[in-house]
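Chains, contacts and geometry: an overview
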Amino acid sequence: MSTTKFTYLPDTLQQELKDIASSICRPGCGILAADETPKAMALRFASLNIPNTPEVRRKYRQLLFTCPKESLAPLSAVILHNETLYQKTDDGVPMLDLVKSLGIVPGVTLDKGWVDMAGTGGKEVFTQGMDGLDERCQEYKSLGCQFAKWRMVVNIGEDIPSVEAIEEGARGLAMYAGICQRNGLVPIIEPDIGRAGDHDVTRCLKVTEVVLSAVYKALADHHIYLEGTLLKPNMVTSGTNCAVEATPDQVAELTLLSLSRHVPPAVPGVFFLSGGQNEQMATDNLLAINQMSGIPRPWMTSFCYGRALQDSCRAAWLGQEENVKKGQEELMVRVKANGEAAAAKPL
């Protein structure tokens with residue numbers, strides 16, 4: 001694919017993609033990741049003794065999107081699971097229409113999960129979902145989705161990630177991005193370097209730099225229109241079992257260093273994943289990133305959180321109708337806090 005003989009996307013399509021990305025990159029706003037698969041939702045619900053059925057999941061997503069519009073103003077976009085695209089509220093309103101009525105741009109997850117890479121003993125994985133991807137993009141665009149997400153999972157260990165796993169994941173992201181863009185969907189590029197392990201923050205920085213470098217090389221080789229993409233990376237943190245936890249200022253400095261070295265300024269927005277950080281930690285680290293000065297930052301830096309916006313919400317709701325308002329109140333608290341962190345300026 002690395003050739004000087006290729007065709008740019010039509011000007012009208014480039015403008016459409018750029019406009020969608022710009023509408024998501026509103027100052028002080030971030031993205032709600034509400035795209036948990038039924039399997040992932042089972043894990044979230046199990047500890048709270050909430051039944052994991054399509055109807056309960058519908059009720060939960062309804063809770064999220066029936067919060068007062070003004071309280072969700074710090075959310076510019078939401079990533080949905082395809083199940084939600086076809087669900088309706090108790091009043092018969094399609095969930096997609098409800099999301100749009102809030103002034104929130106709807107998007108959808110396109111990958112189909114991960115399988116073990118052969119020969120790695122289950123330590124490394126690659127992402128599935130290329131089959132039928134073009135048709136799914138067309139369908140979701142026709143329903144009203146404006147962007148999509150594909151997750152590349154990277155694990156850190158003594159001898160991983162391997163070059164092969166990184167290159168395969170980067171190639172998958174680039175192929176997905178090209179298919180999205182030709183169908184009018186802005187692709188979120190998500191290289192997710194997990195926090196599991198005892199590695200220190202410097203090891204995470206090195207892996208993050210190598211992964212970002214490979215990802216943007218692959219995007220260049222596939223001639224992806226960067227102005228019509230968004231990045232959803234991990235923050236540079238120490239592993240969950242590391243004896244020394246990196247401070248918010250360390251996380252901010254090393255995260256911005258990795259990005260400034262490898263993410264082109266044509267990319268309009270960087271929306272961090274929470275990656276297993278607790279709610280307060282994710283907010284504190286985002287605030288530190290946006291208050292950090294002295295490191296080039298040509299792109300918007302904000303949040304794309306799932307658990308870090310919803311854990312308290314689910315714990316307050318517990319699957320009970322009488323707890324809907326309690327759950328919504330918890331969600332609104334986290335949305336407000338992260339909106340403020342996203343709006344913070346360098347000190």
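Residues numbered from 1 in each chain as written. Predicted model: local features only at pLDDT ≥ 70, side-chain atom pairs only at ≥ 80, totals over all residues. Heavy atoms only, no water.

So, unusual backbone geometry
Ile160 connects to Pro161 through a cis peptide bond whose omega is 10°. Secondary-structure assignment places Pro161 in the loop between strand S6 (147–154) and helix H7 (163–182). In the Ramachandran plot, Asn49 falls in the positive-phi region, its phi being about 55° despite a non-glycine side chain. Looking at where Asn49 falls in the secondary structure, it is placed in the loop between helix H2 (38–46) and helix H3 (54–65). The phi dihedral of Leu318 is positive, around 55°, even though this residue is not glycine. Its place among the elements puts Leu318 in the loop between helix H11 (307–317) and helix H12 (324–343). A residue is classified by how much of its surface remains accessible, and Leu318, at 34% relative accessible area, is partly exposed. (Helix = DSSP H or I, 4+ residues; strand = E, 2+ residues; numbered from the N terminus. Buried < 20%, exposed > 50% of the residue type's maximum accessible area, 1.4 Å probe, protein only.)

What to know about the nonpolar core
Phe65, Leu110 and Tyr176 are the most contacted members of the largest nonpolar core, which has 106 residues in total. If one sorts the elements of this core by residue count, helix H8 (residues 201–221) sits on top with ten residues. In this view, Tyr176 contacts Leu110, Met130, Leu133, Ala148, Lys149, Trp150, Pro187, Ile188 and Ile189; residues no more than four positions away in its chain are not counted. (Core = buried A, V, L, I, M, F, W, Y, C linked by side-chain atoms within 4.5 Å. Contact = heavy atoms within 4.5 Å.)

Concerning the environment of Glu340
Inspection of the secondary structure assignment puts Glu340 in helix H12. In this structure Glu340 comes out as partly exposed when scored by relative accessible area, which is 47%. Separated by 138 residues in the primary sequence, Glu340 and Thr202 place their C-alpha atoms 28 Å from one another.

With respect to H7
Across its 20 residues, H7 extends 29 Å between first and last C-alpha, which sits within 8% of the 28 Å expected from 1.5 Å per residue. For H7, the set of buried residues is Ala165, Ile166, Gly169, Ala170, Gly172, Leu173, Ala174, Tyr176, Ala177, Ile179, Cys180 and Gln181. For H7, the secondary structure elements touched by its buried residues are helix H1 (11–24), helix H6 (133–143), S6, strand S7 (186–193) and H8. Phi turns positive, to about 80°, at Gly184, one or two residues after H7. (Expected span 1.5 Å × (residues − 1).)

Details of the packing of aromatic side chains
This structure, assessed with the given rule, holds six aromatic pairs. Consider the rings of Phe45 and Tyr60, whose centres lie 6.1 Å apart with planes at 90°: the pair is edge-to-face. Within this pair, whereas Phe45 is found in helix H2, its partner Tyr60 is found in helix H3, the two being separated by 15 residues in sequence. On the basis of relative accessibility, which here comes to 0%, the residue Phe45 falls in the buried class. Plain terms: the ring middles of Trp150 and Tyr176 are 5.4 Å apart, the flat faces sit at 25° to each other, and that makes the pair stacked. Taken together, the residues span a long stretch of sequence, with Trp150 in strand S6 and Tyr176 in helix H7 at a distance of 26 residues. For Trp150, a relative accessible area of 2% corresponds to the buried category. Here the aromatic cluster, defined as three or more aromatic residues joined through ring pairs, consists of Phe45, Tyr60 and Trp317. (Phe/Tyr/Trp six-rings, centres within 6.5 Å; stacked < 30°, edge-to-face > 60°.)

Here's the deal with the packing of helix H9 (residues 248–262) against helix H10 (residues 279–291)
Closest axis-to-axis distance for the H9/H10 pair is 8 Å, and the angle between their directions is 55°. Taken together, the axis directions place H9 and H10 in an arrangement best described as oblique. H9 and H10 meet at a crossing whose hand is right-handed. Only Asp284, Asn285, Ala288 and Ile289 of H10 make contact with H9, whose side of the interface consists of Pro248, Asp249, Val251, Ala252, Thr255 and Leu256. The residue makeup of the contact of H9 with H10, split by class, is six nonpolar, two polar and two charged. (Axes fitted to C-alpha atoms, helices over the stretch in contact; angles between N-to-C directions. Parallel < 35°, antiparallel > 145°, perpendicular 65-115°, else oblique. Left-handed = near helix turned anticlockwise from the far one by under 90°. Nonpolar A, V, L, I, M, F, W, Y, C, P; charged D, E, K, R; others polar.)

Points about the pairing of strand S3 (residues 105–109)
Of all five residues making up S3, five are buried, and the element is well covered by its neighbours. Of the two faces of S3, the one carrying Val105, Gly107 and Thr109 and the one carrying Pro106 and Val108 are both buried. Pairing between strand S2 (residues 75–80) and S3: four bridges, direction parallel. Residue pairing across strands places Ile79 opposite Gly107, the latter belonging to S3. (Pairing = 2+ DSSP bridges.)

Section: the pairing of S2
Consecutive side chains of a regular strand alternate in pointing toward one face of the sheet and then the other. Burial within S2 is extensive, with six of its six residues counted as buried. With five bridges joining them, strand S1 (residues 30–34) and S2 adopt parallel strand pairing. Across the sheet, the residue bridging to Ala33 is Ile79, located in S2.

Quick look at the side chain of Asp134
Secondary-structure assignment places Asp134 in helix H6. Side chain to side chain, Asp134 and Asn183 meet in a polar contact 2.9 Å long. When residues no more than four places from it in sequence are discounted, the contact partners of Asp134 are Ile179, Arg182 and Asn183. (Polar contact = N/O pair within 3.5 Å; in protein donor to acceptor, adjacent residues only side chain to side chain.)

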